[in-house]
Amino acid sequence: MIVTVCIGSSCHLKGSREIIERLQHLLHENKLEKEVELRGSFCMGECMNGVCVKIEEELFSLSPAAVEEFFLEQILKRLT
């Protein structure tokens, strides 16, 4: 599974670095580093929303406060 987090200037200001760090921690904690590839990307064209995160080709708008729920609902569920 490929998870891409926007690191463009707008998303950076909205917390993309914190989101990436939390996702890295959750992937490591759940031993999923080999199943999930975490990538960064510059602007994904969704600047008006929260931080743009893409799983494969599906776009999500995410805030740092919602990372754990996103991980459980969108990443873990897809792997089981």
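Our subject is the structure that appears above.
Residues numbered from 1 in each chain as written. Predicted model: local features only at pLDDT ≥ 70, side-chain atom pairs only at ≥ 80, totals over all residues. Heavy atoms only, no water.

**Let's talk about the packing of helix H2 (residues 16–29) against helix H3 (residues 67–79)**
This is how the line gets drawn: For helices, the fitted axis covers only the stretch in contact; all axes are lines through C-alpha atoms, and the angles between them, taken along N-to-C directions, range from 0 to 180 degrees. For the purposes of this entry, the term helix denotes a DSSP run of H or I that reaches at least four residues, the term strand denotes a run of E that reaches at least two, and both are numbered from the N terminus. When an angle is under 35 degrees it counts as roughly parallel; over 145 it counts as roughly antiparallel; between 65 and 115 it counts as roughly perpendicular; any other value is oblique. Handedness of a helix crossing follows the sense of rotation of the near helix relative to the far helix, less than a right angle counterclockwise being left-handed and clockwise being right-handed. Residue contacts follow a heavy-atom distance rule, with two residues in contact if any of their heavy atoms lie within 4.5 Å. Each residue gets one label: Ala, Val, Leu, Ile, Met, Phe, Trp, Tyr, Cys and Pro are nonpolar, Asp, Glu, Lys and Arg are charged, and the others, such as Gly, are polar.
Interhelical geometry of H2 versus H3 gives an angle of 55° and a closest axis separation of 10 Å. Classified by the interaxial angle, the pair formed by H2 and H3 is oblique. Relative to H3, H2 is oriented so that their crossing is right-handed. The segment H2 lies against H3, with Ile-19, Arg-22, Leu-23, Leu-26 and Leu-27 engaging Val-67, Glu-68, Phe-71 and Ile-75. Of the residues assigned to the contact of H2 with H3, the class counts are 7 nonpolar, no polar and 2 charged.

**Points about the nonpolar core**
Defined as follows: Among buried residues, those of type Ala, Val, Leu, Ile, Met, Phe, Trp, Tyr and Cys that are joined through side-chain atoms within 4.5 Å constitute a nonpolar core. Any residue under 20% of the maximum accessible area for its type is buried, any over 50% is exposed, and the rest in between are partly exposed; the area is computed with a 1.4 Å probe on protein chains only.
Grouped together as the largest cluster of nonpolar side chains are 22 residues, with contacts concentrated most on Leu-23 and Ile-75. Counting residues per element, the ones that place at least two in this core are strand S1 (2–6), H2, strand S3 (51–55), strand S4 (58–62) and H3. When residues in this core are grouped by element, the largest group, 5 residues, is from H2. For Ile-75, the residues in contact, after removing those within four places along its chain, are Met-1, Val-3, Leu-23, Val-36, Ile-55 and Phe-70.

**Focus on the pairing of S3**
For clarity, the cut-off: Whether two strands pair comes down to DSSP finding at least two bridges between them.
Among the 5 residues that make up S3, 4 are buried, leaving the element largely enclosed by the rest of the structure. Sheet analysis places S1 next to S3, joined by 3 bridges and oriented antiparallel. Of the residues in S3, the one forming a bridge with Val-3 is Ile-55. Sheet topology places S3 next to S4; 5 bridges connect them, and they run antiparallel. Across the sheet, the residue bridging to Val-53 is Phe-60, located in S4. Taking the residues between adjacent antiparallel strands as the criterion, S3 and S4 are bridged by 2 residues, where Glu-56 takes a positive phi near 55°.

**Some points on H3**
Applied cut-off: Every helix has an expected span of 1.5 Å times one less than the residues it contains. It is the directions from the helix axis to the C-beta atoms that the arc portrays.
Over its 13 residues, H3 runs 17 Å from end to end, which matches the ideal 18 Å to within 8%, given 1.5 Å per residue. Val-67, Phe-70, Phe-71 and Ile-75 are the residues of H3 that are buried. Down the axis of H3, the smallest arc covering the buried residues is 100°, so these residues share one side. Counted as exposed and oriented over 90 degrees from the buried face of H3: Glu-69 and Lys-77.

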